[in-house]
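Structural overview for review
Residue strings, one per chain:
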Amino acid sequence: MTAPESTCPAPRSKVVELYFLEHRAKLIDIASFLDRVDRAPADGPETDFRIEAFHRALAILSDGRAERARRILEALSDHSTEPIDSAAGLKGAFGASPE
Amino acid sequence: MTYIDPHIHMVSRTTDDYQRMAQAGCVAITEPAFWAGFDRSSPQGFYDYFRQLTESEPQRAAQYGISHYTWLAINPKEAEDPGFAREAMSLIPEFLDKPNVLGIGEIGLNKNSRNELEIFEAHLDLAADRGQLILVHTPHLEDKLKGTRLIIDAIRNNSALDRNRILIDHVEEHTARLVLDGGFWAGMTLYPETKCTPQRAADIVETYGTERLWINSAGDWGPSDPLAVPKARLEMRRRGHRPETIARITFDNPRSFLGQCPKFVLDGC
Ligand SMILES: [Zn+2]
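Residues numbered from 1 in each chain as written. Chains lettered and ligands numbered in written order. Predicted model: local features only at pLDDT ≥ 70, side-chain atom pairs only at ≥ 80, totals over all residues. Heavy atoms only, no water.

Turning our attention to the overall build of chain A. Helix and strand counts for chain A come out as three helices and zero strands. For chain A, the C-alpha radius of gyration of 18 Å lies well beyond 13 Å, the compact-globule estimate for 99 residues. If you line up chain A on its principal axes, its C-alpha atoms span 50 × 40 × 25 Å. The averaged location of the 17 negative side-chain charges in chain A is 8 Å from the averaged location of its 13 positive side-chain charges. (Helix = DSSP H or I, 4+ residues; strand = E, 2+ residues; numbered from the N terminus. Rg over C-alpha atoms; globule rule 2.2 N^0.38 Å. Lys, Arg positive; Asp, Glu negative; His and termini not counted. Charge placed at Lys NZ, Arg CZ, Asp CG, Glu CD.)

Structure representation (structure tokens):
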């Protein structure tokens, strides 16, 4: 992994100043969402592939390496390579793909 | 402080939106043909839509000093029945010489199915035959990476196409490199929910540079923001990007790509 280019014109202190509170709130949203999933009564299979993918993505968040956004999007992507036989009856996307 | 919104579905927006966009500095928009939110029941429905895009919408935009250009296609969401899609596609050629038609779009994939791919390839052939610019839609969420790869492969298989005349839209952090390294133009789309934000768009510019990259709102009938492009400009300014960099992404780049079609002319800009 190569280091990201330093192309953000704002110095680091200004980036923190501009965005910290907004992303602090988003971080707590994530924690609260996971708490909510745990608290909700189980009504199906033990695990949901979307939550499993979410946890894989959370590990990327804190691994200290560059390009977290790209790598999280990849972790949430369908990695198959062949077109599917039919889209008939399929609704929207799920946001994650079973591993 | 002028800008171009190169992907917005104005038939779904009010006249007030034209006014607000004009006030924010919008001088031109391009409107790709897309899904109406429900499946049209006959090719005649497309005929009327293409007339709206080429006859009535430019007049509505002109009232606010905005130049209106368009792209014609059958959306991938309506490509699962190839017979129907080909029938509707057969209406496109008679509209291609209209003064505001820039090319074929938005074509591409939605769920990455075989039928979608077949109709995508048929549009590529039509564009190649008629020397048209191409605007490509990529799928959303978990389907985007696979769809972008399938799209790039299909374009590579068609030797009649010039990649410099193709823009692949809705790129995100995991597809921008694929598209730009492939020699295509790339579009970033800002959505208020679920997808790319103005902040991430600015991050993508900082990571991948300003070459062959533009920003659009893809405003339509769903949750979307017709002022997304000026919001991205503001975001870049807040971080200290130079005015030339902001202008490059939101005005110069779209003008360069779209200007490959001689019909795209901006008076007084
Ligand atoms: Zn669109």
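Now that the structure has been shown, the text picks up again.
Residues and elements named next belong to chain B. Coordination sphere of the zinc ion, protein contribution only: His7 (NE2), His9 (NE2) and Glu106 (OE), at 2.0 to 2.2 Å. Here the donor residues of the zinc ion share one chain and are spaced in sequence as H-x1-H-x96-E. Linking histidine 7 in the loop between β1 (3-5) and α1 (15-23) with glutamate 106 in strand β4 (residues 101-108), this pair joins segments that are 99 residues apart in sequence. (Donors = N, O, S within 2.8 Å, 3.2 Å for Na, K, Ca; no water.)

Residue and element names in this part refer to chain B. Within the structure shown, the criterion is met by 12 aromatic pairs over all chains. Look at phenylalanine 46 and phenylalanine 50: their rings are 6.2 Å apart centre to centre, the planes differ by 50°, and that puts the pair in the tilted class. In this pair, phenylalanine 46 and phenylalanine 50 are both assigned in helix α2 (residues 43-62), four residues apart and thus about one turn of the helix distant. Owing to a relative accessible area of 1%, phenylalanine 46 belongs among the buried residues under this scheme. Given the relative accessible area of 0%, phenylalanine 50 is considered buried. Here a set of aromatic residues connected by ring pairs shows up, and it is made of Phe46, Tyr47, Tyr49, Phe50, Phe84 and Phe95. The residue whose ring lies beneath arginine 40 is phenylalanine 46, and the NZ or CZ to ring-centre distance is 4.9 Å. For the cation-ring pair, arginine 40 lies above tyrosine 49, with the distance from its terminal atom to the ring centre recorded as 4.3 Å. (Phe/Tyr/Trp six-rings, centres within 6.5 Å; stacked < 30°, edge-to-face > 60°. Buried < 20%, exposed > 50% of the residue type's maximum accessible area, 1.4 Å probe, protein only. Lys NZ or Arg CZ within 6 Å of the ring centre and 35° of its normal.)

Residue and element names in this part refer to chain B. Where burial is concerned, most of strand β7 (residues 185-189) is hidden: five out of the five residues are buried. Side chains Trp185, Gly187 and Thr189 project from β7 onto one buried face, and the interleaved Ala186 and Met188 project onto a second face that is buried too. For strand β6 (residues 166-168) and β7, the ladder comprises two bridges, and the chain directions are parallel. Residue pairing across strands places leucine 167 opposite tryptophan 185, the latter belonging to β7. As a crossover connection, the stretch from β6 through helix α6 (residues 176-181) into β7 is right-handed. (Pairing = 2+ DSSP bridges. Right-handed = clockwise from strand over helix to strand, strands pointing away.)

All names here are of chain B. As a volume, the second largest pocket reaches approximately 1,000 Å³. If you trace the second largest pocket, you find 39 residues lining it, with Trp35, Lys77, Asn110, His140 and Trp221 closest to the centre. When the residues that make up the lining of the second largest pocket are grouped by side-chain class, the tally is 13 nonpolar, 12 polar and 14 charged. (1 Å grid on protein atoms, 1.4 Å probe; cavity = no way out; pocket = protein on both sides within 12 Å on 5 of 7 lines; lining within 4 Å. Points joined across faces, edges and corners; volume = space filled by probe spheres on them. Nonpolar A, V, L, I, M, F, W, Y, C, P; charged D, E, K, R; others polar.)

Think of an α-helix as 3.6 residues a turn; residues three or four steps apart then line up on the same face. Looking only at helix α7 (residues 198-208) of chain B, the buried set comprises B:Gln199, B:Ala201, B:Ala202, B:Ile204, B:Val205, B:Glu206 and B:Tyr208. Backbone geometry just after α7(B) places B:Gly209 at a positive phi near 90°.

Position of B:His174 among the secondary structure elements: in the loop between β6 and α6. Here the alpha-carbon distance between B:His174 and B:Phe184, two residues 10 residues apart in the chain, equals 15 Å. Contacts of B:His174, omitting those with residues within four sequence positions, involve A:Arg70, A:Leu73, A:Glu74, A:Ser77, B:Lys144 and B:Leu145. (Contact = heavy atoms within 4.5 Å.)

In short, the description is geometric, and any link to function would need to be established separately.
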